[in-house]
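Residue-level structure breakdown
Chain by chain, the residues:
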Amino acid sequence: MRRCLSTILICAAFLPAVASADPLKVVAAYPYIGDLVERIGGSNVRVLSLARGDYNPHVIIPRPSFIAHVRRADLLIISGAQLEIGWMPPLLRQANNPAVQTGEPGFLDLSQYVTLSDVPTSVSRELGDVHPEGNPHFYLDPENILLLARAIKDKLVQLDSRNASYYEDRYREFSELWGKKLVEWTQKMTPLRNTRVVEYHKVFDYFVHRYKLQIAATVEPLPGIPPTSKHIEQLEAVLTTAPARFLLQDVYNPEDASRHLAEKLNMKLVVLPHDVGSVKEATSIFSLFDELVRRISE
Amino acid sequence: MQRHIVLWSLFLLFVIPVWSQDTSTPAQGSPFSQAKFVPDISLILDGSYLHRNISDEQNAALLLPGFVESGEHSPPLEGFNLNYAEITFYSIVDPYFELFAVCHLSPEHFHLEEAYWITKKLPAGFQLKAGKFLSSFGRINELHTHYWDFADRPLVHQAMFGHEGLNEIGARITWVAPTEIYLLLGGEMLMGEGEASFGRTGFLLPRENIRVSSVKGPGLFVGYIESSVDIGDASVLLRLSGAQGKTRSDDYFSSGVPGGQALSGSTTVLGGALTVKHTLDAVRYISLQSEYLWRHADGTLYSLDLLQQVHESAQEKRQSGFYAQAVAKFALRMRAGLRVDLLQGNEMLENGQRSDLPTSLPRYSTMLEFNPTEFSRIRLQYNYDLSRYTESNRRLDRITVHELSLQVNLAIGAHGAHSF
């Protein structure tokens, strides 16, 4: 019985002789990464995004089916800065795939290629869900997307050097197109410069700072802690003396407190997408930012 | 005079280095400091306030007939309980290994709950694990207590694997198939000390010429297969497990106490575990979980009567049980749940003679949780327990137990994320 089991295990291990001409199998933690990889990798990659775009990126449930995807991946790309700390480590441990372990060429942490803001000088859980490495929502700065696209391109070139020129061409194409869009978004956002906004959670910091809007307050008293009535009262007092124009709400946190505040203080409640797939209009990395700009500037 | 010289030289010995340090370059961190290599360390503290309809003494003497024949060891008491403090260590060892350790502390005891390594780099989807660890049999056994949905272990696990669960020294190999659908095979070779179904240590009663040798290790083998599919927003996880091992137990038999019993035999446990987690939106989910366990044990029972005469009999047990639970996360920080436990098919034969045991032992539980953050949990749980019996003059009487507990579980430090 025992010998039989081990024989089966050993035989089964050598069954999947991987054909080398297959497209590179890439697993992305979030849909925005998946879309970027598709744009650079084209037909030479097969991409799968794990998390749903409309869920809270901090609290993704590590579905067992994800293990099967990570098991077969040639490349695993995470957003990083501890955004996946609550769900990726067990997947990596259970997938038994040496190629995509941290530190291996098949593992890419995008946060390493950008400068993070709000890096705390000291951390304590008294301060809520703080990220010691800084605010992890860096991918909502459209300028950062170019850095991320380049990091992905370099990684694809490293793993699949035969198709290097293919990836270089597609990256060049993408960055030209992105450059044009950056100009368009800047034009649309310029009139909003110095506008004061309130955020529910610090998701949109990078986006808001890029276009020089000012963040007056957050509805959450501390990151990850839902608002109390006392905090709402304090916010009302602060925002009555120094009003803000917009209240920026994400799609996954409860809206009640924000709606109440917006109505009472005459702010416009704007529900913004934070990832590809978070709202139906945001189907790609381009339409994600188109939609961010449209919703806030219209 | 000589004394003075000694004192002065001692003084200089201490002062000169201190004084000379002042003139040296400004102090830097030690060039050999390893502070940055401190592993992830966390402490989990679990305490509860408990109320029961019967006294602690009565409760401690209760039995699960056919399963747990002597009173439970140290069940939670009425009033305040410090259930445990757990210190966990985790770190990557080098590019090839990761190491975990969990130390379980109670006011009187320190014990190594788990300490094991796993490999990171084996090819072809394999992973090795070795050390002392919770067996992957079934669903709940390998999960740490603080990750459970209820405060206590399901009845069927308590009955078949004891209060510590199936926690053994041994090795495990797993293999994840390179398939579209998740498929995992695992095998464990364990020493088989497990208290409720297994056991290794033999026993002697020389005056009656009874010598039952200890089991040569490893004495317990576990195999399991796991698969999962996603149906829309629902993840369905199924695990089938089997455990086969030798059984040895010695309940005051070898010390010759009248009424003492010992058992030598072998036990097979089979189990099926099904978990379905359905997310309703970014915040809410419903999770259904059930495990069914079936046990077959047979062996030779040695017992001493009041006149210290040895009786030998063939004992055979066929028992099963299950639990089914539903837990809903209905708000950002709130969860509620229901659980049904049932031990059934309680069949015990002694020399082919069927013992008269209650065949259905149920327990019903409900809980409500408030989780201020992912690091703190406050849980109110009510158990309505119809599975407990007392024995007097060889007659079994059912005692209904109502139990209400308020539990607080807190975690500090660097604690790793949990799997599904």
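Along each chain, residues carry numbers from 1 onward, in the same order as the chain's sequence is written. The order in which chains are written sets their letters, starting at A; the order in which ligands are written sets their numbers, starting at 1. Where local features are concerned, this predicted model is filtered to residues with pLDDT of at least 70; where side-chain atom pairs are given and counted, the filter is 80 or more; whole-chain, interface and lining totals use all residues. Computation of side-chain values: all heavy atoms of the structure, hydrogens and water removed.

Section: the overall build of chain B
Numbered from the N terminus, helices here are DSSP runs of H or I no shorter than four residues, and strands are runs of E no shorter than two. Counting its regular elements, chain B contains 3 helices and 21 strands. Along the longest, intermediate and shortest principal axes, the C-alpha atoms of chain B span 90 × 70 × 50 Å. Exposed residues in this analysis have more than 50% of their type's maximum accessible area, buried residues have under 20%, and partly exposed residues fall in between, with area computed by a 1.4 Å probe over protein chains only. For chain B, the residues scored as buried account for 44% of the 420 residues in total. What makes two residues a contact is simply this: any of their non-hydrogen atoms within 4.5 Å. Intrachain contacts of chain B at a sequence separation of at least 6 include 62% that bridge at least 24 residues. All accessible-area figures derive from a Shrake-Rupley calculation using a 1.4 Å probe, and residue coverage is judged against the displayed protein chains alone. Taken as a whole, chain B presents about 21200 Å² of accessible surface, with 61% of it coming from carbon and sulfur. Considering chain B, the positive charge centre built from 34 side chains and the negative charge centre built from 45 side chains are found 3 Å apart. Neither His nor the chain ends is counted toward charge; the positive residues are Lys and Arg and the negative residues Asp and Glu. The location of each charge is read from NZ of Lys, CZ of Arg, CG of Asp or CD of Glu.

Thoughts on the packing of aromatic side chains
Given two aromatic rings, their pairing is described by the distance between the two centres and the angle made by the two planes. Stacked, edge-to-face and tilted are the three classes for Phe, Tyr and Trp ring pairs, Trp counted by its six-membered ring, which pair at centre distances within 6.5 Å; planes under 30 degrees apart are stacked, over 60 edge-to-face, the rest tilted. As enumerated under the stated definition, the model contains 23 aromatic pairs over all chains in all. Where F207(A) meets Y211(A), the ring centres are 5.4 Å apart and the plane angle is 70°; that geometry is what we call edge-to-face. With a relative accessible area of 6%, Y211(A) lands in the buried category. Taken together, the ring pairs in this structure connect F174(A), W178(A), W185(A), F286(A) and F289(A) into an aromatic cluster. The rule for a charge over a ring is simple: NZ of Lys or CZ of Arg within 6 Å of the ring centre, and within 35 degrees of the ring normal. Here the basic side chain of K277(B) rests over the ring of Y285(B), its NZ or CZ set 4.6 Å away from the ring centre. Across from the ring centre of F420(B), 5.5 Å away, lies the NZ or CZ of K277(B), which sits over that ring.

Some words on the pairing of strand β10 (residues 220-231) of chain B
Residue and element names in this part refer to chain B. Note that strand β7 (residues 182-190) and β10 share 9 bridges and pair antiparallel. In the strand pairing of β10, L183 is matched with S227. Pairing of β10 with strand β11 (residues 234-251), which is carried by 12 bridges, proceeds in the antiparallel orientation. Among the inter-strand pairings, V222 is bridged to a residue of β11, identified as A243. For two strands to be treated as a pair, DSSP must find at least two bridges joining them. Connecting β10 to the antiparallel partner β11 that follows it, the hairpin turn spans 2 residues, and G232 within it adopts a positive phi of roughly 60°.

A few points about the sheet that holds strand β2 (residues 45-49) of chain A
Residues and elements named next belong to chain A. The parallel open sheet is built from 4 strands, whose spatial order is β2-β1-β3-β4. One side of each edge strand has no neighbouring strand; the edge strands of this open sheet are β2 and β4 (107-109). Between one strand axis and the next, the sheet turns through 20° on average, direction left out of account. As judged from the 3 bridges shared by strand β1 (residues 24-28) and strand β3 (residues 75-78), these two strands associate in the parallel manner. Each residue of the ladder has a partner; that of V26, found in β3, is L75. Here, axes are lines fitted to C-alpha atoms. For helices the fit covers the stretch in contact, and angles between N-to-C directions go from 0 to 180 degrees.

What about unusual backbone geometry?
Backbone torsion omega between G217(B) and P218(B) reads -5°, so that peptide bond is classified as cis. With respect to the helices and strands, the residue P218(B) is situated in the loop between β9 (210-212) and β10. Despite not being glycine, Q82(A) has its phi angle at roughly 70°, a positive value. Relative to the assigned elements, Q82(A) resides in the loop between β3 and α4 (88-94). One non-glycine residue, Q308(B), lies in the positive phi region at around 65°. Topologically, Q308(B) is positioned in the loop between β13 (285-304) and β14 (310-331).

Some words on the interface of chain A and chain B
Facing 35 residues of chain A, the contacting portion of chain B comprises 50 residues. When two parts are put together, the accessible area they lose, computed with a 1.4 Å probe and summed over both, is reported as buried area. Where chain A abuts chain B, roughly 3700 Å² becomes buried across the two surfaces, and 61% of that area is made up of carbon and sulfur atoms. We define a salt bridge as a side-chain nitrogen of Lys or Arg found within 4 Å of a carboxyl oxygen belonging to Asp or Glu. Seen at the junction of chain A and chain B, the total is 5 salt bridges. Between R63(A) and D230(B) there is a salt bridge, with its nearest N and O atoms 3.6 Å apart. Residues adjacent in sequence count toward polar contacts only when both atoms are side-chain atoms; beyond that, a polar contact is any pair of N or O atoms within 3.5 Å, and within protein one must be able to donate a hydrogen and the other to accept it. Inspection of the chain A/chain B interface yields 17 residue pairs in polar contact (both at pLDDT 80 or more). Counting residues per element, the ones that place at least two in the side of chain A that touches chain B are α1 (2-14), α3 (64-71) and α4 of chain A. Residue classes in the side of chain A that touches chain B are distributed as 18 nonpolar, 7 polar and 10 charged. In this classification, Asp, Glu, Lys and Arg are treated as charged, Ala, Val, Leu, Ile, Met, Phe, Trp, Tyr, Cys and Pro as nonpolar, and every other residue, Gly included, as polar.

Read these as spatial facts, not as claims about activity.
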